[in-house]
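Chains, contacts and geometry: an overview
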There are 2 protein chains.
Amino acid sequence: MGSIRRTGGRAARVALRSAPLADNVRPVRAGLSGGQYKPLSDADVLCIHGAALDALEQIGLSQAPPSGIEIMTRAGAVLGDDGRLRFPRALVEDMLALAARNITLHGRDPKHDLLLSGTRVHFGTAGAAVHVVDLETNTYRESTAQDLHDAARITHALDNVHFFQRAMVARDITDNLELDLNTIYASVAGTTKHIGTSFSDPSHVAPCMDMIHRLAGDEATYRARPFISNSNCFVVPPMKFAEESCIAMEHCIRAGMPVLLLSAGQAGATAPAPIALAIVQAVAECLAGVVYVNALAPGHPAVFGTWPFVSDLRTGAMSGGSSEQALLTAGCAQMHRFYDLPGGAAAGISDSKLPDMQAGWETGITNVMAGLSGLNMVYEAAGMHASLLGFCLESLVLGDDVLGQVLRAVRGIDVTADSTSIEAMKSVCLDGPGHYLGSDQTLKLMQTEYIYPTLGNRMSPKEWGEADRPMLLDKAIARKNDILAKANHQIDPALDAAIRADYNIYFN
Amino acid sequence: MGSIRRTGGRAARVALRSAPLADNVRPVRAGLSGGQYKPLSDADVLCIHGAALDALEQIGLSQAPPSGIEIMTRAGAVLGDDGRLRFPRALVEDMLALAARNITLHGRDPKHDLLLSGTRVHFGTAGAAVHVVDLETNTYRESTAQDLHDAARITHALDNVHFFQRAMVARDITDNLELDLNTIYASVAGTTKHIGTSFSDPSHVAPCMDMIHRLAGDEATYRARPFISNSNCFVVPPMKFAEESCIAMEHCIRAGMPVLLLSAGQAGATAPAPIALAIVQAVAECLAGVVYVNALAPGHPAVFGTWPFVSDLRTGAMSGGSSEQALLTAGCAQMHRFYDLPGGAAAGISDSKLPDMQAGWETGITNVMAGLSGLNMVYEAAGMHASLLGFCLESLVLGDDVLGQVLRAVRGIDVTADSTSIEAMKSVCLDGPGHYLGSDQTLKLMQTEYIYPTLGNRMSPKEWGEADRPMLLDKAIARKNDILAKANHQIDPALDAAIRADYNIYFN
């Protein structure tokens, strides 16, 4: 039960394993298939689906903008005297049949394309944190455009963070249009992975699209491979449309931009306290979004964004790191599969203010349950603290290790004739050395089946003492600084200069 | 998406929720049913089962003691010229039919009884750490009998740690019999939960049973409700019996003591590197144990203890916190269910030397995968660091929070007509306040459906700053000290005095 060591060849093996692996033989990668974990039975899924349809038919949603009312009533939605838009079952079913499936969220670099299909899992950032955690002083300060850009640059360097959605609000920018433009540019200049942004003011869509077309080269190039999607908080739960966001969403759709249909209720506050009923409400709201999108533009790429959050019911405050949150997210992932729609939800959030042990178990438990449930897009998967109020760049770096472990779990157990053949046991037990160290099979699997942490420490207490007891957070700070020191700007210098000439850019 | 707060009644709700709940309405408890997570398909399970039977028939196990050879050959095992004992399929199947199912591991207090049945999940300590982590100085020191007793006393106070198996070696005791006696007494004097101990010297069984009978009152009382089980490392993987441990196991069985059939190979070292084949070997070894136990005493209570560990293949050192470990454990849990046997395996171990973020994600991910897989006995679930070499009392305390979250995940999503009725949504959306705060349904679920951390911090950054930025580990140290200051000795004073008069007891 203790550790078994060999000194011969160890340094060589460590060096070998530390060299970068080709993507096709890496033990983990974006888009591994989950689904081994099912918190809901088939009957449970049908029950939730039925209740969501009932809610759409009987309760409906209020406060659709006039344009939305026109789009949805033309398709078959019914506007009541109470101003609520109600959705007959047949309408929902018809629109579900039209909805885009197996969509690709493009990276600027095609190697970062995300295929949202089946139970394929991808992890990334998201959120609207207003603080950054400063680990040197253990304090919170307001987040800036530079922080957002740094988070994008760090994400670019991390294998297990597959997309970069805006995670912080740049609070050094007071003008809202400048904020939206800088959010886009800080992200795109930092990484060629898929970008998620979030604007909700309809008047900002055109100027933001102008910048995006410049970054793409031209409009046609962007439309061919839209590398930025917009997160649309198109509802204000419970069961109300968000007028401005809906209009912005209409503009995005017409501009060829994939949308995240985001329903972010909070169980016990803006969503029902029972986990099952919170899922019902989120599903109902996103189904209304499916009707909206497909009535406007059949088959337009949209992510079914059931993001129910959880309240600590004692205080009403959000708790993103709880198992109730993990269950909500995993249950939603099963509903996405039921509809066979590309889906997303939140996991990985910590309620802790710092990257401490609490942050570890919260981000670990919620991310692994999301991954094993086969969620296509796991948002907020790294860096998020204080129940979404704070972002920590070092936690983002550490999140790469967490997500590596999670992806290894998602990859699962390889059961084949080869991996269960007892010939390897025979040669060791009957004729061989009585152990598997250094056997051909062991060496062959060393790089392709096992994943090793970058910052996680596996030294023995003796080695650790001899190495002067390295501390995890010191290592995280050092890696963050190293990544930022080496990061390349991801925009051509001439274009960057032109952008900086034409816009007020708040970061270096 | 930010937090939603109400000040009215908040203090009252926090106070209400902080009062202890009756066991039957607590959101989590021992023995919740998992199984929602299945890393293996049905075909995978059959494949592993078939390979294990092949291994038993073709490879068999070497080095059985003469008594074991007699017991097992009488039942139908075949001793080869090479000294290996081989097991025909029919023998394994016959013994599986005789094996004890739905066993109870008793607590001294019946409220701590553990029913090992179906996918019921229980978490507890285990291991043979030789160090204690001293959090005041961030150093490792040798573990003592007092540390073991303190761990037992802390476990007694923690709702979500359901049994206490010996987690540390008392290194202040040089005499091996005194070590075994003190291990038992330190545990029993600390908690009335089920105790796991581990002696492997056959000559120690009688004197240990003498002490145990005194603690029980008499032998008949112990045999009626055996509150101590023995962890028998009856094999030395790969595919070898451990002679001394086997003889000790025979004595334990005759003494009416439940046994843990522990196969602790290490994938890539003493077990094959492919996860599936490591499971095959562990299953084969434990099936040999099932033959052994049931040939000696049909239906004797035994836990199917497939505990394959994992090597970091670069170094050969153990990695208990890896996802490869979590997959091994979860895969084993599925094999336990296939045989419908009470089963146990390891999860919750951290490779980190300290209770830091790495420790959090490692213990969180491995424990939640074990729990969701429906593992009956999750050993090493709290307190274990440095890949089993160090135990940390503060991590044990923090583990109670981790396991609370894990148990909440195991409990799952309650989908009933009531929990999915849209009436609650109607009353809020159509007639009501437009939110669910303070609704009857919300308040009713506050205590029974949601679990709250004891040490985990859910304050906003503002509250946290105003509270002088409390640090998790400071809180853990304080709670540990508080528990130890208040802990009652769990042995009647007269008996304690008599035991201390007759034995050399190393702790207070």
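Residues numbered from 1 in each chain as written. Chains lettered and ligands numbered in written order. Predicted model: local features only at pLDDT ≥ 70, side-chain atom pairs only at ≥ 80, totals over all residues. Heavy atoms only, no water.

**Observations concerning the overall build of chain A**
- If you tally the helices and strands in chain A, you get 18 helices and 19 strands.
- Here the C-alpha radius of gyration of chain A, 24 Å, is about what a compact globule of 508 residues would show, namely 23 Å.
- For the C-alpha atoms alone, the extent of chain A along its principal axes is close to 80 × 60 × 50 Å.
- Here chain A, with 508 residues, has 65% of them falling under the buried criterion.
- Nonlocal contacts in chain A, meaning residues at least 24 apart in sequence, comprise 77% of its contacts between residues at least 6 apart.
- Taken as a whole, chain A presents about 15700 Å² of accessible surface, with 51% of it coming from carbon and sulfur. (Helix = DSSP H or I, 4+ residues; strand = E, 2+ residues; numbered from the N terminus. Rg over C-alpha atoms; globule rule 2.2 N^0.38 Å. Buried < 20%, exposed > 50% of the residue type's maximum accessible area, 1.4 Å probe, protein only. Contact = heavy atoms within 4.5 Å. Areas by Shrake-Rupley, 256 points an atom, 1.4 Å probe, with all protein chains shown as cover.)

**Describing unusual backbone geometry**
- Here the bond from A:Pro237 into A:Pro238 is cis, since omega is 0°, no more than 30 degrees from zero.
- Looking at the secondary structure, you find A:Pro238 in the loop between strand E11 (228–232) and helix H9 (243–254).
- The phi angle at B:Glu380 is positive, at roughly 65°, despite the residue not being glycine.

**Re the side chain of A:Ser373**
All names here are of chain A.
- Counting through the fold element by element, Ser 373 comes out in the loop between helix H12 (357–372) and strand E17 (377–379).
- Of the residues examined, Ser 373 reaches a relative accessible area of 2% and is grouped as buried.
- Side-chain polar atoms of Ser 373 contact the backbone oxygen of Ala 370, separated by 2.7 Å.
- If near-sequence neighbours (up to four positions away) are discounted, Ser 373 is found in contact with Gly 35, Tyr 37, Ala 330 and Ala 333. (Polar contact = N/O pair within 3.5 Å; in protein donor to acceptor, adjacent residues only side chain to side chain.)

**With respect to the relation of the copies chain A and chain B**
- Least-squares fitting of chain A to chain B yields an RMSD of 0.0 Å, with the superposition described by an axial translation of 0.0 Å and a rotation of 180°. Put plainly, the chains are arranged around a two-fold axis.
- Most of the interface of chain A is mirrored in chain B, where 100% of its interface residues are also at the interface. (Least-squares fit on C-alpha atoms with pLDDT ≥ 70 in both.)

**Digging into helix H17 (residues 472–486) of chain A**
- For H17(A), with 15 residues, the first-to-last C-alpha span of 21 Å sits near the 21 Å given by 1.5 Å per residue.
- Regarding H17(A), the residues found buried are A:Leu472, A:Ala476, A:Ile477, A:Lys480, A:Ile483 and A:Leu484. Down the axis of H17(A), the sector holding all buried residues measures 140°, keeping them to one side. Of the exposed residues in H17(A), those oriented more than 90 degrees away from the buried face are A:Ala485 and A:Lys486.
- Tucked inside the fold, the buried residues of H17(A) contact helix H5 (145–157) and helix H13 (393–411) of chain A together with helix H12 (357–372) of chain B. (Expected span 1.5 Å × (residues − 1). Arc of directions from axis to C-beta.)

**Focus: helix H2 (residues 42–58) of chain B**
- In this model H2(B) runs 24 Å from its N-terminal to its C-terminal C-alpha over 17 residues, within 8% of the 24 Å that 1.5 Å per residue would give.
- For H2(B), every residue scored as buried is listed here: B:Asp44, B:Val45, B:Ile48, B:His49, B:Gly50, B:Ala51, B:Ala52, B:Leu53, B:Ala55 and B:Leu56.
- Of the surrounding elements, those touching the buried residues of H2(B) are helix H14 (423–431) of chain A together with strand E3 (85–86), helix H4 (89–98), helix H10 (275–296) and helix H11 (323–339) of chain B.

**Some points on the sheet that holds strand E8 (residues 139–142) of chain B**
Residue and element names in this part refer to chain B.
- Spatial ordering of the open sheet is given by E8-E7-E19-E18, a layout of four strands whose pairing is mixed. In this open sheet, the two edge strands, each paired with only one partner strand, are E8 and strand E18 (384–385).
- In this sheet, strand E19 (residues 390–391) lies alongside strand E7 (residues 131–134) in parallel orientation, the contact comprising two bridges. Its bridge partner lying in E19, His 131 is registered against Gly 390. (Pairing = 2+ DSSP bridges.)

**Some thoughts on the packing of H10(B) against H11(B)**
Residue and element names in this part refer to chain B.
- Direction vectors running N to C along H10 and H11 enclose 45°, while the axes themselves pass 10 Å from each other. If you check the angle between H10 and H11, you find them oblique. By crossing handedness, the relation of H10 to H11 is classed as right-handed. Judged by residue contacts, Ile 275, Ala 278, Ile 279, Val 283 and Leu 287 of H10 engage Glu 324, Leu 327, Leu 328, Gly 331, Cys 332, Met 335 and Tyr 339 from H11.
- Taken together, the residues that form the contact of H10 with H11 break down as 10 nonpolar, one polar and one charged. (Axes fitted to C-alpha atoms, helices over the stretch in contact; angles between N-to-C directions. Parallel < 35°, antiparallel > 145°, perpendicular 65-115°, else oblique. Left-handed = near helix turned anticlockwise from the far one by under 90°. Nonpolar A, V, L, I, M, F, W, Y, C, P; charged D, E, K, R; others polar.)

**Things to note about the interface of chain A and chain B**
- Residue-level contacts link 133 residues of chain A with 133 residues of chain B.
- Both faces combined, the contact of chain A with chain B buries some 11100 Å², and carbon together with sulfur accounts for 70% of it.
- Viewed at the interface, chain B and chain A are joined by six salt bridges.
- The residue A:Arg458 makes a salt bridge to B:Asp312 at a minimum N-O spacing of 3.0 Å.
- Where chain A meets chain B, there are 32 residue pairs in polar contact (both at pLDDT 80 or more).
- With 11 residues, the top contributor of residues to the side of chain A that touches chain B is H12(A).
- Here the residues of the side of chain A that touches chain B sort into 71 nonpolar, 38 polar and 24 charged. (Buried area = accessible area lost by both parts, 1.4 Å probe. Salt bridge = Lys/Arg side-chain N within 4 Å of Asp/Glu carboxyl O.)

**Observations regarding the packing of H5(A) against H13(A)**
All names here are of chain A.
- In contact at an axis separation of 10 Å, H5 and H13 are set at 15° when each is read in the N-to-C sense. With respect to each other, H5 and H13 are oriented roughly parallel. Seen along the crossing, H5 lies across H13 with a hand that is right-handed. On H13, the residues that touch Asp 147, Asp 150, Ala 151, Ile 154 and Thr 155 of H5 are Leu 393, Leu 396 and Val 397.
- Residue classes in the contact of H5 with H13 are distributed as five nonpolar, one polar and two charged.

**Quick notes on the environment of A:Ala220**
Residue and element names in this part refer to chain A.
- Secondary-structure assignment places Ala 220 in helix H8 (residues 219–224).
- By relative accessible area, Ala 220 is classed as exposed at 55%.
- Between the alpha carbons of Ala 220 and Gly 256 there is a distance of 9.7 Å; along the sequence they are 36 residues apart.

**Some words on the confidence of the model for chain A**
- Residues with a pLDDT of 70 or more make up 96% of chain A, whose mean pLDDT is 95.
- Both scores are given for the predicted complex: the pTM is 0.96, the ipTM 0.96. (pLDDT = per-residue confidence, 0-100.)

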